[in-house]
Amino acid sequence: MEKNGEKIVNPAAKGRETSEFLMAIVRTLSTSADFEQREKEKARIEKTFTQSDKRLGELVSENYQDLAQITQDFSTISKSVNEAREKIKKIKDDLSSCKTLLHCKRDELRRLWIEGVEQKTMVAMLDQIEQIKEVPTKLDNLLLKKHYLHGTELVVNAVAKLENQLVGVEALRDLKAELITRKEQLHEVLIDELNKQIYIKSQSPNFSSLQGKKSSTAQKQDNLKRKGVNGIPPPEKMEFGKEVKEDLNSNPEDDPTHFMAILVESLYMLRKIPEAAEGLKVRIQPELSAIVARTSQHILESTSNHVDSSNQSQCLLDLLENIFHQFRFVAHMHKVVLRNLHRIIVSGVPVRQECLYDMTDVWSKIQAVVELLLREYLDVENTSSSRQRAPSSFDEPSTDINSFFAKKRPAKPKKMALFRFDASIHAISTNSYVDDSRAFDTGDLFSSSLLAEMGLEKNQMVCKPSVYNITAIFKPLELFIREIEDAIACPDGRSSLQAFVTDFVQNIFLGQVHYTVSTSIGSATKVDEEDESFDALRHVVDHKIQKELGVIKPLLTSTVTVDKNLQELRELMQDLPDYADQFLNMICNTLKEYRDTCHSAYREIVQYDSDERRVISAMWAKDEDISRFLRSLPSWRSLQSASGQELASEDVCSEEEIKALNSKEAQILISNLTSSDAMIQQEIITDVTQMRTIANVHESLEWFSNRMKDFSNCLSARSATTAADIAASEYPPVSEKTLSSLKNLVKDFQDLAEICLLLLHLEVRVHCFYFLLPVAKQSNYAGPIDDLDPDSNVLKLNKDLSSMEEVLQQSLQPKKFRYIFESLGFLVASILMNSIQYMKKINENGIKKMCRNLFAIQQNLTNITMSREADLDHARQYYELLYINPDDVITMIAEKGGRYTFQEYTELVKLHHRSHAALSPSQLERRMQKLKEVFFKTPNGECDP
């Protein structure tokens, strides 16, 4: 055996080993025949014995004190044992004597014992009476300190004693009646305390301030799940296997969960569980309504000094978040109570299940109270009678913009209103006063029955009721609804509160939003009955709004109004993400209506007679070939680059290529406008204010389309969106079909904006044709008198260009203004050089007059473009060749090369011959042949095609 690492030797075994050792020695000595061997063994044994004796002596010397102490202790113990034996013997003798004496006095002892028992019973009863007399005082003290379990146990035990052990004591009859009454009333006190713990304690000590930061509802939810409500652990984590005990040395309210268990245990001791359950159940809705009233009053008191129209929604949001927080606490406390009730039922107490309630009842009452509150603040009673339904769907195929230029019925002539007083100081101040006075005048807006049911008064509303209040509360409301649906199993998958919110949004709010947006946009884009002169494309915003929007040129009031309404719809998409598709449908419908309005107004501008014929520039801007060519020019591509799209290196043109493209543009315009003998009559826009309108339309629609494009780029289709995309996106995912329709509509606005700019570009050039074509066809350049003034049509063109410069410079950005007027000098030069074929004859006075025409136009264009128009110098030098004999011109071409095209030299020679009647046709033919030979043999030929 081993103990604590040491080997323990059994004494018997040790003795056996010693005897065996001695026997082995004896056998060795007896069996050895050799004397010498025996002597050696003997010597060895003697040596070992000597060593052992020496070792024994050493041990005795070392342990002498211990041996002496052991010997002393043994003597003392032996003496004590002998004394004890003597005492026990004496006691046995005494007990035998007592037994003999007791047998002699048995009856007297029995009598004394009975008297002693009676005396003890009397004393105990007196003690009980004294204790019961102190019960009312003790009960009051315990109830005052809210030690209800001890108080209940005290009164229950006291009544039990009065009805059993002390039932015959007449002196306690009044006390018995009092205690029975207090016992019957105690369960009501306990029920009141339960309700107080559930509802009054749920009052949040700190309401969120309107001046502080708004707390995150999601963060509150995480805290609730992690820590419980107000520090109370969730009922699922509470330990109910332990016996409920009450500590008289502590405040029972410090641990609300334990305190609730004590209250339920006290009710169980009173056998009042069914009554308690019923009392709790019937007071759920009134207590919840009282919470709403108290919270509303607190919000009003905390915001009474700084309530205005801007923070009314924040007041309502604070109200609901506080109410939701308290309702969560209430539901949590009810769950604690129910867990304690079920603990008692499981322990074997006979309680009918139908006498109790469950969490479904609690959440149902919470939903009912919240719904009543929402009905008040969302003004359901007043809006349900006049519901405006929003369009349920928006399905628009890819549209062709050319369809908007189809023939329409002529617009009704507008009547001019002389003046209105809407913007006068008196009208503005009066309207402001009326609006302010109605801000909180809700006396006629609320149903008195609903207010009474809620426990509210008219002056306890924290903000003015409005359907738009849903925007501020929708997200926390949806989170709260999801909590409810997670807490209870709804029959159809959604709660009654969710059904109410869904019905309100779909049947009331969406319709109200659609009606409001339609009314606002309609007033900005349609003719008003009182002001029939109102035009959606003529009114622009003032400088203040223009500065707020961050734009440098005026925008149409109608466009800004539409954008403002769409911005509100975009905010609604963020505020009510579950209905993002419906709001996007409204945005698409609004865009479609405004697009049609813009196209209709555009058609009214570009048509000029009852046959609905359009101006030339509008038809060319609509023409696919011309439009495609104009969009391919460097000047147009530079506009796209300025708007954020970088030009590729291959798109950058050299000066020669730009000149060639400008020449091609001029040739296309000249070939279209000079192909017939008929002059341009009414195919131009003569009113420069309409040019301003078109410029305003372009700037407005370009600004608007860019904003809508940015918005559409922020959206993502629901089918191609991941959870990470949804978390990072500013807007919720939407239907792919609706998103495609939105992008098509944005493209329509962008196309119309570009068409307006192309129209202005073409219109300025058509005006040049309109004034310059008659210069050659109708004016006399062979007169005898040197006219010092330019042609009247040239003067009209300069005046027209100056007028267009004035209006377009105010309405267009500088880069677009340059696009309108750049390369105009080349076009004018081309028109006048091409017009030489229409001149019958010309003399020196006519040449001077044409040079004056070119110089006058050059001066005007230089003032407009702020650059010298060298192309007009080129045209003037062309006409100055008429001073020289055609033969000298041909010689000049042979020596220096041609600066003009073969066709231009040909028309120059022909005009020279028409102007000199003495020249024969044969001379003309000879010169033409010589010109052809010289021109096409010259290395520099066709240098300026």
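Residues numbered from 1 in each chain as written. Predicted model: local features only at pLDDT ≥ 70, side-chain atom pairs only at ≥ 80, totals over all residues. Heavy atoms only, no water.

**So, the overall build of the protein chain**
When you go through the protein chain residue by residue, the secondary structure sums to 36 helices and two strands. Expressed as a percentage of its 945 residues, the buried residues of the protein chain come to 43%. Excluding contacts between residues fewer than 6 apart, the proportion of contacts in the protein chain whose partners are at least 24 apart in sequence is 79%. Split by element, the accessible area of the protein chain, about 52400 Å² in all, is 52% carbon and sulfur. (Helix = DSSP H or I, 4+ residues; strand = E, 2+ residues; numbered from the N terminus. Buried < 20%, exposed > 50% of the residue type's maximum accessible area, 1.4 Å probe, protein only. Contact = heavy atoms within 4.5 Å. Areas by Shrake-Rupley, 256 points an atom, 1.4 Å probe, with all protein chains shown as cover.)

**Some points on the packing of helix H6 (residues 148-163) against helix H9 (residues 256-269)**
The interhelical angle for the contact between H6 and H9, taken along N-to-C directions, is 10°, at an axis separation of 8 Å. Our classification of the angle between H6 and H9 gives roughly parallel. In contact with Tyr148, Leu149, Thr152, Glu153 and Val156 of H6, H9 contributes Phe259, Ile262, Leu263, Glu265, Ser266 and Met269. Looking at the contact of H6 with H9 residue by residue, the class counts come to seven nonpolar, two polar and two charged. (Axes fitted to C-alpha atoms, helices over the stretch in contact; angles between N-to-C directions. Parallel < 35°, antiparallel > 145°, perpendicular 65-115°, else oblique. Nonpolar A, V, L, I, M, F, W, Y, C, P; charged D, E, K, R; others polar.)

**With respect to the side chain of His761**
The topology assignment puts His761 in helix H28 (residues 736-777). What makes His761 buried here is its relative accessible area of 2%. In this structure the side chain of His761 is engaged in a polar contact, spanning 3.2 Å, whose partner is the backbone oxygen of Tyr819. Sequence-distant contacts of His761, that is, excluding residues within four places in its chain, are made with Leu630, Glu665, Tyr819 and Ile820. (Polar contact = N/O pair within 3.5 Å; in protein donor to acceptor, adjacent residues only side chain to side chain.)

**A short note on the packing of aromatic side chains**
In total, this model carries 21 aromatic pairs according to the counting rule given. Between Phe509 and Phe583, the ring centres sit 6.2 Å apart and the planes meet at 80°, which makes this aromatic pair edge-to-face. Within this pair, whereas Phe509 is found in helix H18 (residues 496-525), its partner Phe583 is found in helix H21 (residues 580-606), the two being separated by 74 residues in sequence. For the residue pair Phe509 and Phe583, the accessibility class agrees, reading buried in each case. Between Phe902 and Phe936 the ring centres are 5.1 Å apart and the planes differ by 45°, which places this aromatic pair in the tilted class. Pair noted here: Phe902 is in helix H35 (residues 902-915) and Phe936 is in helix H36 (residues 921-937), with a separation of 34 residues, a long-range link. Here the aromatic residues Tyr878, Tyr879, Tyr900, Phe902, Tyr905, Phe935 and Phe936 are joined through ring pairs into a cluster of three or more. (Phe/Tyr/Trp six-rings, centres within 6.5 Å; stacked < 30°, edge-to-face > 60°.)

**Details of the nonpolar core**
Within the largest apolar cluster, 219 residues are counted, with the highest numbers of intra-cluster contacts made by Phe583 and Leu742. Residue contributions to this core peak at 23 residues, all from H28. Ignoring any residue separated from it by four or fewer positions in sequence, one finds Leu742 in contact with Leu584, Ile587, Cys588, Leu591, Met708, Phe711, Ser712 and Leu715. (Core = buried A, V, L, I, M, F, W, Y, C linked by side-chain atoms within 4.5 Å.)

**Overview of helix H23 (residues 624-632)**
Residues of H23 that are buried include every one of Ile626, Ser627, Phe629 and Leu630, and no others. Viewed along the axis of H23, the buried residues span an arc of 160°, placing them on a single side of the element. With respect to the buried face of H23, the exposed residues turned more than 90 degrees away are Glu624, Asp625 and Arg628. (Arc of directions from axis to C-beta.)

**Some details on the environment of Asn507**
Turning to its location among the elements, Asn507 is positioned in helix H18. Within the structure, Asn507 has its side chain in polar contact with the side chain of Asp503 (distance 2.3 Å).

**Regarding H36**
Over its 17 residues, H36 extends 24 Å from the first C-alpha to the last, a length consistent with the 24 Å expected when each residue adds 1.5 Å. Residues of H36 that are buried make contact with helix H34 (886-896) and H35. (Expected span 1.5 Å × (residues − 1).)

**Quick look at the pattern of salt bridges**
A complete count under the given rule lists 27 salt bridges for this structure. Measuring nitrogen to oxygen at the nearest pair gives 3.4 Å for the salt bridge that ties Glu265 to Arg343. Here Glu265, found in helix H9, pairs with Arg343, found in helix H12 (residues 312-346); they are 78 residues apart in sequence, far enough to count as distant. This pair shows no difference in class: Glu265 is buried, exactly as Arg343 is. If you follow the salt bridges from partner to partner, you end up with Lys592, Arg595, Asp596 and Asp748 in one network. (Salt bridge = Lys/Arg side-chain N within 4 Å of Asp/Glu carboxyl O.)

**A word on the packing of H34 against H36**
To characterise two packed helices, one gives the angle between the axes of the helices and the distance between these axes. Running from N to C, H34 and H36 point in directions that differ by 10°, and their axes come no closer than 9 Å. The angle between H34 and H36 falls in the class roughly parallel. For the pair H34 and H36, contact is made by Pro886, Asp887, Ile890, Ile893 and Ala894 and by Arg926, Arg927, Lys930, Leu931, Val934 and Phe935, respectively. For the contact of H34 with H36, a count of residues per class yields seven nonpolar, no polar and four charged.

**Some details on a nonpolar patch on the surface**
Together, Leu56, Val60, Leu67 and Ile70 give the surface a local cluster of nonpolar side chains, amounting to about 360 Å² of exposed area. Of all the elements in the fold, those that place two or more residues in the nonpolar patch are helix H2 (35-62) and helix H3 (64-104). Position of Leu56 relative to the elements: it lies in helix H2. (Patch = residues over 30% accessible without salt bridge, like charges linked within 9 Å, V, L, I, M, F, W, Y side chains within 5 Å.)

**Thoughts on the state of the cysteines**
Using the criterion set out here, one finds zero disulfides in the structure. Cysteine Cys315 shares no disulfide, and the gap to the nearest cysteine sulfur, in Cys463, comes to 7.1 Å. No disulfide involves Cys756; its sulfur sits 8.5 Å from that of Cys598, the nearest cysteine. (Disulfide = S-S within 2.5 Å.)

**A word on the confidence of the model for the protein chain**
Looking at the protein chain as a whole, the pLDDT averages 79, with 77% of positions reaching at least 70. Segment residues 394-448 is flagged for pLDDT under 50; beyond a separation of four residues in sequence, or across chains, it makes 74 contacts in the model. (pLDDT = per-residue confidence, 0-100.)

**Concerning unusual backbone geometry**
Glycine aside, residues mostly have negative phi angles, and peptide bonds mostly take the trans form. Positive phi values are uncommon outside glycine, yet Arg271 reaches one of about 60°. One can find Arg271 in the loop between H9 and helix H10 (273-282). In the Ramachandran plot, Asp379 falls in the positive-phi region, its phi being about 55° despite a non-glycine side chain. Judged by its relative accessible area of 12%, Asp379 falls in the buried class.

**Let's talk about the environment of Ser289**
Mapping Ser289 onto the fold places it in helix H11 (residues 284-303). Residues Ser289 and Val369, spaced 80 residues apart in sequence, show a C-alpha to C-alpha distance of 6.5 Å.

**Thoughts on the side chain of Thr590**
On the secondary structure map, Thr590 appears in helix H21. The exposure class of Thr590 is buried, given its relative accessible area of 8%. Apart from the residues lying within four places of it in its own chain, the contact partners of Thr590 are Val517, Ile521, Val562 and Leu566.

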